[in-house]
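Spelled out from the first residue to the last, the chains are:
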Amino acid sequence: MNTWLLRFDISPRVVLADREQAVTVKSLDSSYPFFDRVEYLVTVIRTDGWKYVKGKELTAGGRDLFTEYKIHPKDGVITFTHNFTGEGEWEIKINYAEDQKPLVERSVNRWSVGKNRWINGFSFRMYSLKSDLYSKRPYKGDLHVHTIESDGYESPQFVAAQYRKYGYDFIAITDHYYMQSSVDAVNALKDIDSGLKIFAGEEVHPIAAGGIFHVVNFNGKKSVNELYNSNPEKAKAEIENIAKSIDEIDQTDRLELAYFKWIFDKIRDGGGIAIYPHAFWQVGYGYHVRPYISDKIIRGKMCDAYEVFGGMSKRDNREMAEYAAELRADGIDLPMVASSDSHSTRAHGYLHFDDVWTMVFAKDKEDIPSAILNGDTVVVDNFNESDKIAHGKLRLVKYANFLIEQYYEFHDELCSATGQALIRYVLNDKSQKDLVERLDNERKVFDEKFFGK
């Protein structure tokens, strides 16, 4: 974390492109105070928008990288206004104007030998967005999560609290064969505003058809597992009828695809999003589902979205990343998600927890399902917490990289405090409710300043 920036209140960090925007910077710590009588140099740099200076073309030192403003603070606050043209990232540097250093030395009035350390500047990053993306917020989520109600290790409400502690804004609990655990988690936290949105879900398996059928039902209003098990003979008849319409030579392939299509269709009928998970998962002696079948499902857009990363080894996930790149190159624009398929929230990386996650750009948390269907997502490889890797559409990835470096560490630290109190709340200490909501309000204030609204 860039702890230096903890010393400043900077607002906003994300701005609407192609208009003038006022930015305020206030020092919160005596290590770098702003003096009203001192003139400061604010340098605004567009990281990808430079031009070459005439006479110095094509030399790195000849680039015209910046716009400069000389500003006197007012009541210890620096305010500058700039037209942030186009969409992209900006570097902002603040330092004392060169001829102001003697004033600074007199103002700080510190040990003479150490004066130079008081005149070093600092910098921070900003991002300008076109109006369509500026109207949305980033939400960190996991759409494939298990609890003790299937083959996980903790209760639904404890899992939810742990996810908040790790900075997640939304999750879907998707236990095998069972939707009720996700409903129980929603109900357990319905009376507290923790900032975590829990979506109903399940992992769908037609039990009698064997174990190869894994499909995530995200935000469904009805359980497809229950639908199948309540009348398996009717379901099988429907599936066999679907198989007749599939253009495949091999009868087994037709039936396998028909089972998947039946599940996808029933999820959609129940208001859910049908997500095809861990397509390149190797278990036992080979792929869980043959890549040939997975390719038919994904290229044929039988599902609504697919997991680029999720619940697999690093090798499996890397194969999926290359497969996703091939799909995009071939013009297959199917929404992508990354879901951990976690079975415990004990620690990062334990049974897949926090290995991968999805960044969704949505107007609010209620809009997350629509944003996923619209493809407004970036998938994040978090196997190495210090080197997160974003994948997806370049425009969104560039913005996501800025957010990973400049936003999420601060956001997640605030969520960690909320999550710790939320854990005590779900373990029956209801007196924590006020603390949880006060702590999450701190996160809301930070978000409002960062995004300028």
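Keep in mind the model is a prediction, meaning the values are calculated, not measured.

Draft legend 1. Structural context of the overall build of the protein. Tallying secondary structure elements over the protein gives 13 helices and 23 strands in all. Taken over the C-alpha atoms alone, the protein extends approximately 85 × 60 × 35 Å along its principal axes. The buried share among the 453 residues of the protein stands at 52%. Taking the contacts inside the protein whose residues are at least 6 apart along the sequence as the reference set, 72% of them involve residues at least 24 apart. Accessible surface, the protein: about 20,400 Å² in total, of which carbon and sulfur atoms supply 48%. In the protein, 59 side chains carry a positive charge and 70 a negative one; their mean positions are 6 Å apart.

Draft legend 2. Inspection of the pairing of strand β15 (residues 215-218) at higher detail. On β15, burial covers both faces: Val 215 and Asn 217 on one face and Val 216 and Phe 218 on the other are all buried. Here four bridges tie strand β14 (residues 201-204) to β15, and the two strands are oriented antiparallel to one another. Across the sheet, residue Val 204 finds its bridge partner in β15, namely Val 215. In this sheet, strand β16 (residues 273-276) lies alongside β15 in antiparallel orientation, the contact comprising three bridges. If you follow Phe 218 over to β16, its bridge partner there is Ile 273.

Draft legend 3. Structural detail: the sheet that holds β14. Across the sheet, which stays open at both edges, the five strands sit in the order β14-β15-β16-β19-β20 with mixed pairing between neighbours. Each of the sheet's edge strands pairs with one partner strand only, and the pair in question is β14 and β20 (336-338). Geometrically, the sheet is characterised by an average inter-axis angle of 35° between neighbouring strands, direction not taken into account.

Draft legend 4. Highlighting the packing of aromatic side chains. Counted by the stated rule, this structure contains 41 aromatic pairs. Grouping aromatic residues by their ring pairs yields a cluster made of Tyr 127, Trp 357, Phe 361, Tyr 399, Phe 402, Tyr 407, Tyr 408, Phe 410, Phe 446, Phe 450 and Phe 451. The positively charged end of Lys 430 is found above the aromatic ring belonging to Tyr 425, 4.1 Å away from the centroid. Above the ring of Tyr 134, the side-chain terminus of Lys 453 is found at 4.3 Å from the ring centroid.

Analysis parameters
Residues numbered from 1 in each chain as written. Predicted model: local features only at pLDDT ≥ 70, side-chain atom pairs only at ≥ 80, totals over all residues. Heavy atoms only, no water. Helix = DSSP H or I, 4+ residues; strand = E, 2+ residues; numbered from the N terminus. Buried < 20%, exposed > 50% of the residue type's maximum accessible area, 1.4 Å probe, protein only. Contact = heavy atoms within 4.5 Å. Areas by Shrake-Rupley, 256 points an atom, 1.4 Å probe, with all protein chains shown as cover. Lys, Arg positive; Asp, Glu negative; His and termini not counted. Charge placed at Lys NZ, Arg CZ, Asp CG, Glu CD. Pairing = 2+ DSSP bridges. Axes fitted to C-alpha atoms, helices over the stretch in contact; angles between N-to-C directions. Phe/Tyr/Trp six-rings, centres within 6.5 Å; stacked < 30°, edge-to-face > 60°. Lys NZ or Arg CZ within 6 Å of the ring centre and 35° of its normal.

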